[in-house]
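Here's the letter readout for the chains.
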Amino acid sequence: MADSLLKRYTYDVMANDFMAAGKSSSAIKSNLKSLGIDSDILRRIAIISYEAELNIVIHSFGGKLHCDIYENKIVIISEDAGPGIEDVDLAMKEGYSTASDSVRELGFGAGMGLPNIKKYSDHLEINSSSTGTKIVATINL
Ligand SMILES: Nc1ncnc2c1ncn2[C@@H]1O[C@H](COP(=O)(O)OP(=O)(O)O)[C@@H](O)[C@H]1O
Ligand SMILES: [Mg+2]
């Protein structure tokens, strides 16, 4: 059935852990690669999951990244424990970032993460409040 979940990969993502940052999205990429997912789809999912992971590391108190595989789609879900995105419309704008100077010195904070997640998804939902942010990005197969 097209609508039933075939497989879920889940990763814990720690806030401020720049040593581990990128590992969950890399693992998602290699898992999907071994399943034989098309390289163009793989590239889009790698960008979406990396940006979502880095946003948990940089902007949240920590959370989880899931990769859900269905017959006809792959869904990347990021959920974290807050503090939430104050203004989602503003956060979606290219170049908008609240990253600190120390995070920018590490090379992050270009403000292109959410715009690129949107660009490479077929469907995107963002729900955010002070208790957390949930992003659901769907890529059709
Ligand atoms: N998970 C999150 N929790 C809280 N705020 C977030 C989260 N993800 C994004 N944001 C907010 O949205 C802004 C834009 O995100 P993004 O486009 O990825 O740019 P960047 O990460 O480079 O700042 C961030 O600067 C931050 O203010
Ligand atoms: Mg970002």
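About the thresholds
Residues numbered from 1 in each chain as written. Chains lettered and ligands numbered in written order. Predicted model: local features only at pLDDT ≥ 70, side-chain atom pairs only at ≥ 80, totals over all residues. Heavy atoms only, no water. Near = heavy atom within 4 Å. Polar contact = N/O pair within 3.5 Å; in protein donor to acceptor, adjacent residues only side chain to side chain. Areas by Shrake-Rupley, 256 points an atom, 1.4 Å probe, with all protein chains shown as cover. 1 Å grid on protein atoms, 1.4 Å probe; cavity = no way out; pocket = protein on both sides within 12 Å on 5 of 7 lines; lining within 4 Å. Sits in = over half its atoms within 2 Å of the grid points. Helix = DSSP H or I, 4+ residues; strand = E, 2+ residues; numbered from the N terminus. Axes fitted to C-alpha atoms, helices over the stretch in contact; angles between N-to-C directions. Parallel < 35°, antiparallel > 145°, perpendicular 65-115°, else oblique. Left-handed = near helix turned anticlockwise from the far one by under 90°. Contact = heavy atoms within 4.5 Å. Salt bridge = Lys/Arg side-chain N within 4 Å of Asp/Glu carboxyl O. Buried < 20%, exposed > 50% of the residue type's maximum accessible area, 1.4 Å probe, protein only.

*Asks:* Can you explain the site of ligand 1? Please cite residues and give values.
*Replies:* Neighbouring residues of ligand 1: 17 residues in total, closest His59, Asp80, Ser97, Thr98 and Gly111. One of the side-chain N or O atoms of Ser97 is found 2.5 Å from an oxygen atom in ligand 1. Take Gly111: an N or O atom from its main chain is 2.8 Å from an oxygen atom of ligand 1. The fraction of the free accessible surface of ligand 1 (540 Å²) that becomes covered by protein chains is 94%. When atoms are counted within 2 Å of each cavity's grid points, the one that captures over half of ligand 1 is the largest pocket. Those elements that provide at least two residues to the shell around ligand 1 are α2 (39-59) and α5 (113-120).

*Asks:* Which residues make up the packing of α2 against α5, and what are the values?
*Replies:* Between α2 and α5, the shortest axis-to-axis distance is 9 Å and the interhelical angle comes to 150°. It follows from the interaxial angle that α2 and α5 lie roughly antiparallel. In this structure, α2 meets α5 at a crossing whose hand is left-handed. Taking contact as the criterion, the partners of Arg43, Arg44, Ile47, Ile48, Glu51, Ala52 and Asn55 in α2 are, on α5, Gly113, Leu114, Asn116, Ile117 and Tyr120.

*Asks:* Can you tell me about the pattern of salt bridges, naming the residues and giving the values?
*Replies:* On inspection of all chains with the given rule, the structure shows four salt bridges. A salt bridge links Asp40 to Arg43, with the shortest nitrogen-to-oxygen separation between them at 3.6 Å. Of this pair, Asp40 and Arg43 both sit in helix α2, three residues apart, which is roughly one turn of the helix. Arg43 gets classed as partly exposed once you look at its relative accessible area, which sits at 41%.

*Asks:* Tell me about unusual backbone geometry, and name the residues and values.
*Replies:* A cis amide bond links Gly82 with the next residue in sequence, Pro83, at an omega value of 15°. For Pro83, the position within the fold is in the loop between β3 (73-80) and α3 (88-91). For Asn16, which is not glycine, the phi dihedral falls at a positive 60°.

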